[in-house]
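As a plain string of letters, each chain reads:
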Amino acid sequence: MSKSNRVLGIYRKLEKLPLGKRLFAFIICRNAPYFSTIHPRYHIFKAGHVVVSMKKRRSVENHIHSIHALAMGNLCELAAGTLMEATVPVNMRWLPRGMHIEYLKPARTTIKAEAILDKTQWPGKEDVDVPVSVTDANGEEVVRARIIMHVSPRPPKKDI
């Protein structure tokens, strides 16, 4: 089973449980601890489409009582990264290379990031733009991001 299929398999098993999606987010944050600072919640996790949210809490607020820009950037990177994990085939690997982010308006409610990538061909080494849209509880877009992911063939495993 491929690594991406393994992660998708874990999500599919856990999403059926009462606190399964929270457990899945915990597992993701355990592997990449910085993401735990935003307490993410997954709503959709499948190849080509991820939706993840975070609550507006005091620990992610800025001085004007909206969600801090870097917390929203963290949510965007999480959405794009887990999208790549679910989408890229086992013989490829990915790594964030850059981020372009526009803060359109203050986020004063829970926010939801959606990353969609309609890509099925992975010919070799390339940079892939992953668009991420962040909306507030009213459905208004508060952040628009483009995460540049470097995708390349995974090196063959060395025999020991």
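Participant: Lay out the environment of Tyr 103 in plain terms, naming residues and giving numbers.
Facilitator: Here Tyr 103 is to be found in strand S3 (residues 92–103). Beyond its immediate stretch of four places on either side in the chain, Tyr 103 contacts Ala 69, Leu 70, Met 72, Val 142 and Val 143. Within the structure, the side chain of Tyr 103 is placed 3.2 Å from the backbone oxygen of Ala 69, a separation counted as a polar contact.

Participant: Kindly report on the layout of surface pockets, identifying the contributing residues and their values.
Facilitator: If you add up the space inside the largest pocket, you get close to 440 Å³. In terms of lining residues, the largest pocket is bounded by 18 residues, among which Ile 28, Asn 31, Ala 32, Glu 85 and Trp 94 are the most central. Within the residue set of the lining of the largest pocket, elements represented by two or more residues are helix H1 (3–14), helix H2 (20–31), helix H3 (69–87) and S3. Examining the composition of the lining of the largest pocket, we find that five residues originate from one element, H3, more than from any other. When its residues are assigned to classes, the lining of the largest pocket shows eleven nonpolar, three polar and four charged.

Participant: Give a description of H3 that names residues and reports values.
Facilitator: With 19 residues, H3 should cover 27 Å at 1.5 Å per step; its first-to-last C-alpha distance of 27 Å lies within 8% of that length. With respect to burial, H3 is a largely interior element, 16 of its 19 residues being buried.

Participant: Explain a positive patch on the surface residue by residue, including any values.
Facilitator: Taken together, the side chains of Arg 93, Lys 125, Arg 154 and Lys 157 define a basic patch exposed on the protein surface. Tracing the chain through its elements places Arg 154 in the segment after strand S6 (141–153). Judged by relative accessible area, Arg 154 falls into the partly exposed class, the value being 38%.

Participant: Describe in detail H2, supporting the description with residues and values.
Facilitator: Between its terminal C-alpha atoms H2 stretches 17 Å, which fits the 16 Å expected from twelve residues at 1.5 Å a residue. For H2, the full list of buried residues reads Gly 20, Phe 24, Ala 25, Ile 28 and Cys 29.

Participant: Give me the lowdown on the pairing of strand S2 (residues 49–54), citing residues and values where you can.
Facilitator: Here S2 lies mainly inside the structure; six of its six residues are buried. Both faces of S2 are covered, namely the face carrying His 49, Val 51 and Ser 53 and the face carrying Val 50, Val 52 and Met 54. Here strand S1 (residues 41–46) runs beside S2; their pairing, made up of five bridges, is antiparallel. Pairing of Tyr 42 across the sheet is with Val 52, part of S2. Turn length for the S1-S2 hairpin, with the two strands adjacent in sequence and antiparallel, is two residues, and the turn residue Gly 48 shows positive phi of about 85 degrees. Sheet analysis places S2 next to strand S4 (residues 111–116), joined by six bridges and oriented antiparallel.

Participant: Outline the confidence of the model for the protein chain, listing residues and values.
Facilitator: Residues with a pLDDT of 70 or more make up 97% of the protein chain, whose mean pLDDT is 92. The secondary-structure element of the protein chain with the lowest mean pLDDT is H1, recorded at 81, while S4 shows the highest, at 98.

Participant: I'd like a description of the nonpolar core, backed by residues and values.
Facilitator: The biggest cluster of nonpolar side chains holds 45 residues, and the ones touching the most others in it are Tyr 42, Phe 45, Ile 111, Val 130 and Val 132. Of all the secondary-structure elements, those providing two or more residues to this core are H1, H2, S1, S2, H3, S4, strand S5 (126–135) and S6. For this core, the element with the most residues is H3, which contributes ten residues.

Calculation notes
Numbers given for residues are sequential positions, taken from 1 along each chain in its written order. For this predicted model, a pLDDT threshold of at least 70 governs which residues receive local features, and a threshold of 80 or more governs which side-chain atom pairs are given and counted, while totals over whole chains, interfaces and linings are taken from all residues. Excluding hydrogens and water, the side-chain figures rest on all heavy atoms present in the structure. Helix and strand definitions here come from DSSP, where helices need a minimum of 4 consecutive H or I residues and strands a minimum of 2 consecutive E residues; each element is numbered from the N-terminal end. Contacts between residues were defined by any pair of non-hydrogen atoms, one from each residue, lying within 4.5 Å. Side-chain atoms alone can form a polar contact between residues adjacent in sequence; in general such a contact is a pair of N or O atoms within 3.5 Å, and within protein one must be able to donate a hydrogen while the other accepts it. Two kinds of site are reported from a 1 Å grid over the protein atoms alone, namely cavities, where a 1.4 Å probe fits but cannot get out, and pockets, open sets with protein on both sides within 12 Å along at least five of seven lines, and residues are called lining when an atom falls within 4 Å of a point. Grid points are joined across faces, edges and corners, and a volume is the space filled by probe spheres set on the points. The nonpolar class holds Ala, Val, Leu, Ile, Met, Phe, Trp, Tyr, Cys and Pro. Asp, Glu, Lys and Arg form the charged class, and all remaining residues, Gly among them, are polar. The span one expects for a helix is its residue count, reduced by one, times 1.5 Å. Three labels apply to residues, based on accessible area from a 1.4 Å probe with only protein chains included: buried if under 20% of the type maximum, exposed if over 50%, partly exposed otherwise in between. Residues form patches when they are more than 30% accessible in relative terms and have no salt bridge. Like charges link within 9 Å. Nonpolar side chains (Val, Leu, Ile, Met, Phe, Trp, Tyr) link within 5 Å. Per-residue and other accessible areas were derived by the Shrake-Rupley procedure at a 1.4 Å probe size, with only the shown protein chains allowed to occlude residues. For this analysis, a salt bridge means a side-chain nitrogen from Lys or Arg found within 4 Å of a carboxyl oxygen belonging to Asp or Glu. Charge counting follows a simple rule: Lys and Arg are positive, Asp and Glu are negative, and His as well as the terminal groups are ignored. We put the charge of a Lys on NZ, of an Arg on CZ, of an Asp on CG and of a Glu on CD. Two strands make a pair as long as DSSP finds a minimum of two bridges between them. The score called pLDDT rates the predictor's confidence residue by residue, from a low of 0 to a high of 100. Only buried residues count toward a nonpolar core, which is a set of Ala, Val, Leu, Ile, Met, Phe, Trp, Tyr and Cys residues joined through side-chain atoms within 4.5 Å.

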